[in-house]
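Spelled out, the chains give:
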Amino acid sequence: MHRQWPASASRCRCGFGVYMTYPYTAFREEIHTALARAIRKEYGTDVAVRLEAPSEHADAAFPCFPLAGVAKASPRDIARRLAAGMEGEWIDRVEAVNGYLNFFICPEQLGREVLSLVDAMGDRFGALEDRGTSVIVEHTSANPNGPLHVGRARNPIIGDTLARLFRWAGYRVETQFYVDDMGKQVATLLWGIRNLDLKTEGDKEDHRLVAYYQRAHARAAEDEEVDEQIKDIIRRCEEGDPEALGAVKEAYRGVLAGILQSLERINISIDSFVEESRFVREGTVQQVIQRLQESPYAGREGGALYLDLEPFGVHGRNKKFFLTRTDGTSLYATRDIAYHLWKAQQADRLVNVLGEDHKLEAQLVEIALTILETTVPVPVFYSFVSLPEGKMSTRRGRVVHLDDLIEEAVERAHREVKKRREVPEETARHIAEKVGTGAIRYNIVKVRPEKAITFRWEDALNFEGQSAPFIQYAHARCCSILRKAGDAGVSPLPGSGFDHLQEIRLLKTIALFPDVVESSSQSCNPAALAEYAHTLAADFNLFYRDCQVLGSDREEQRLALVRATQITLRNALELLGIAALEEM
RNA sequence: GGGCCCGUGGCCCAGCCUGGAUAGGGCGGCAGCCUCCUAAGCUGUAGAUCGGGGGUUCAAAUCCCCCCGGGCCCGCCA
């Protein structure tokens, strides 16, 4: 029923080499210590203290049920008995209810600490201390044969959000795009560009060039001669022929540029691009084949090398994992192994964002990497995005391109802005761009990756409720209040003394942010972050409704709380790659 | 046929890893709230056999088994 706290503590670097403990971490540690002591004293036993995360019942709860057996007492009695000795600077009060020990955090202490921490850390509030660990996040890695469609866009959005999360969680992060420059897709594209004379329209290269790919694909299907010519390109690439590889690169360059333009518009940039062919050129694929054929699992069928994966629990047809063809040339997965060996040399951890269709391949590669005794990557699989009428298919013209979705979302946002406020056109354009693209990112990232998505325009263009604009709007409201208060308005550390229900609720949610960074990064679950951002915005809206800020006799404290909310919302949006607008 | 994943009010999603207190949100429906810090907001209301069935347990949406429905995969393709 209830979530548990993240296993490890969240701490931050505050100022110069001074480490501070985030409020809820301190609260939790205090409870752990007090509980362990009390349980040992009362029942003479050591149990692992598991606390439940904040809920409507308590800010932290300890279920006494598991203790009932050893303590030979009812959970209710245990709770009552343990409640007596619980105190500390963070623990405001303890209640024994229904066999639970419910802890409440001290609002005074929380108010003081949260406000000073947010003030001191600013746009680093929520960040965790450096772990001295590096991680490479591989994402997108789309075949550069045409523009991104909405289905493929799930990959960069998940990947980029994960990369941002890891950075905040204290890792040194690099993102990589693995460029498949040896496959049939790019070879087909090259053939098309060389042999076809098409009139193409559009102002982005990926949209112009995809027509060559599509037409060439169709030609290859009906003309064996064409198919042979394409296969010849692939063959030469696999042999590492620099001329062929250069030509392929020249062909896909424009498509890739177009893809990157689209990604840039949704605030995604990728640190480095790694060409698959380099592992052939540099001979590392051959080394992989060499090393694996010496392993006890190697076998041959015809001239083709394979690994027998039966000892690893792989059965059926998949147990023979082929590394080469009969002619000795490498296969996609073999080159992927070489890529991972290379990656393992430059980072401590590897995370790969992959479509669920790559599950089997990833499993096989993982086993090979285990045999080679190197870093095994952590995969994050996502399910496909389909349309109400079925699977997305470029060939059948049943796709929604990311660029079209962006256009539509931005245009719709623009209409909304014009409808609501009178602002200069330039401002309206800016807001519309950030609202529209933010809505797209949020709409995709809020759903857990393993859930299949059916794309519906009305969901994608929803600007209310669980959406980016809802969160952006709360942020804009904060900014508006702060703007009106003026420079002198917010003193950094007013005496705390929050007592309104909504003030305290908001304070608690702000304080939870570092824990969300910790847990969602550890579980590679950006959807949890998206949910948090919505909760924070919703809690602010309640505060906004019930607590007048400007002109109230508590103006100073409340302004400080608004400021802390604004910073936390901005940081959460930054993690989601969504613009924190100051006005909407 | 085999493997992996998903199945929570009309619709979409969280909670499942690590079992516990009235199953949370959002959209849509209905009824309301702008002389007051931006109504992309807020309030109320109706609506749930947590796909079905067994099992484990003091306790199951959560763990185990079986079944049903959907997705993905099962090339010397990428």
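Above: the structure in question.
Notes on the structure in this doc start here.

How each quantity is defined
Residues numbered from 1 in each chain as written. Chains lettered and ligands numbered in written order. Predicted model: local features only at pLDDT ≥ 70, side-chain atom pairs only at ≥ 80, totals over all residues. Heavy atoms only, no water. Helix = DSSP H or I, 4+ residues; strand = E, 2+ residues; numbered from the N terminus. Buried < 20%, exposed > 50% of the residue type's maximum accessible area, 1.4 Å probe, protein only. Contact = heavy atoms within 4.5 Å. Areas by Shrake-Rupley, 256 points an atom, 1.4 Å probe, with all protein chains shown as cover. Lys, Arg positive; Asp, Glu negative; His and termini not counted. Charge placed at Lys NZ, Arg CZ, Asp CG, Glu CD. Pairing = 2+ DSSP bridges. Axes fitted to C-alpha atoms, helices over the stretch in contact; angles between N-to-C directions. Parallel < 35°, antiparallel > 145°, perpendicular 65-115°, else oblique. Left-handed = near helix turned anticlockwise from the far one by under 90°. Nonpolar A, V, L, I, M, F, W, Y, C, P; charged D, E, K, R; others polar. Phe/Tyr/Trp six-rings, centres within 6.5 Å; stacked < 30°, edge-to-face > 60°. Lys NZ or Arg CZ within 6 Å of the ring centre and 35° of its normal.

**Side note on the overall build of chain A**
Scanning chain A from terminus to terminus reveals 20 helices and 16 strands. Considered along the principal axes of its C-alpha atoms, chain A spans approximately 85 × 65 × 45 Å. Each of the 584 residues in chain A was classed as buried or not, and the buried ones make up 54%. Restricting the contact set of chain A to residue pairs at least 6 apart, pairs at least 24 apart contribute 74%. When the accessible surface of chain A is summed, it comes to about 26500 Å², and 46% of that surface belongs to carbon and sulfur atoms. Side chains of chain A give 73 positive and 86 negative charges; the mean places of these two sets differ by 3 Å.

**Focus: the sheet that holds strand S9 (residues 298-301)**
Strands sit in the order S9-S10-S11 across an open sheet of 3 strands; the sheet is antiparallel. Of all strands in the sheet, those with a lone pairing partner are S9 and strand S11 (320-322), marking the two edges. Here the average twist between neighbouring strands, direction ignored, is 40 degrees.

**Structural notes on the packing of helix H18 (residues 501-522) against helix H20 (residues 555-576)**
Between H18 and H20, the least distance of the axes is 10 Å, while the angle of their chain directions is 30 degrees. What the angle tells us is that H18 and H20 run roughly parallel. The hand of the H18/H20 crossing is left-handed. Contacts between H18 and H20 pair Glu503, Leu506, Leu507, Ile510, Phe513 and Val517 from the former with Arg558, Leu561, Ala564, Thr565, Thr568, Asn571, Ala572 and Leu575 from the latter. Of the residues belonging to the contact of H18 with H20, the class tally is 9 nonpolar, 3 polar and 2 charged.

**Remarks on the packing of aromatic side chains**
Under the definition given, this model contains 17 aromatic pairs. On the numbers, 6.1 Å between centres and 65 degrees between planes, the contact of Tyr24 with Phe27 is edge-to-face. Of this pair, Tyr24 and Phe27 both sit in helix H1 (residues 23-43), 3 residues apart, which is roughly one turn of the helix. In this pair, the class of Tyr24 matches that of Phe27, namely buried. Summarising the aromatic geometry, the rings of Phe125 and Phe513 are spaced 6.1 Å apart at their centres and angled 35 degrees between planes, so their arrangement reads as tilted. Of this pair, Phe125 sits in the loop between helix H4 (107-121) and strand S6 (133-138) while Phe513 sits in helix H18, and the two are 388 residues apart along the sequence. Note on Phe125: relative accessible area 1%, which makes it buried. The lysine or arginine in question, Arg93, covers the ring of Phe104, its NZ or CZ lying 3.9 Å from the ring centre. When the ring centre of Tyr544 is taken as origin, the NZ or CZ atom of Arg477, which lies over that ring, is 3.9 Å away.

Just geometry here; none of it tells us what the structure is for.
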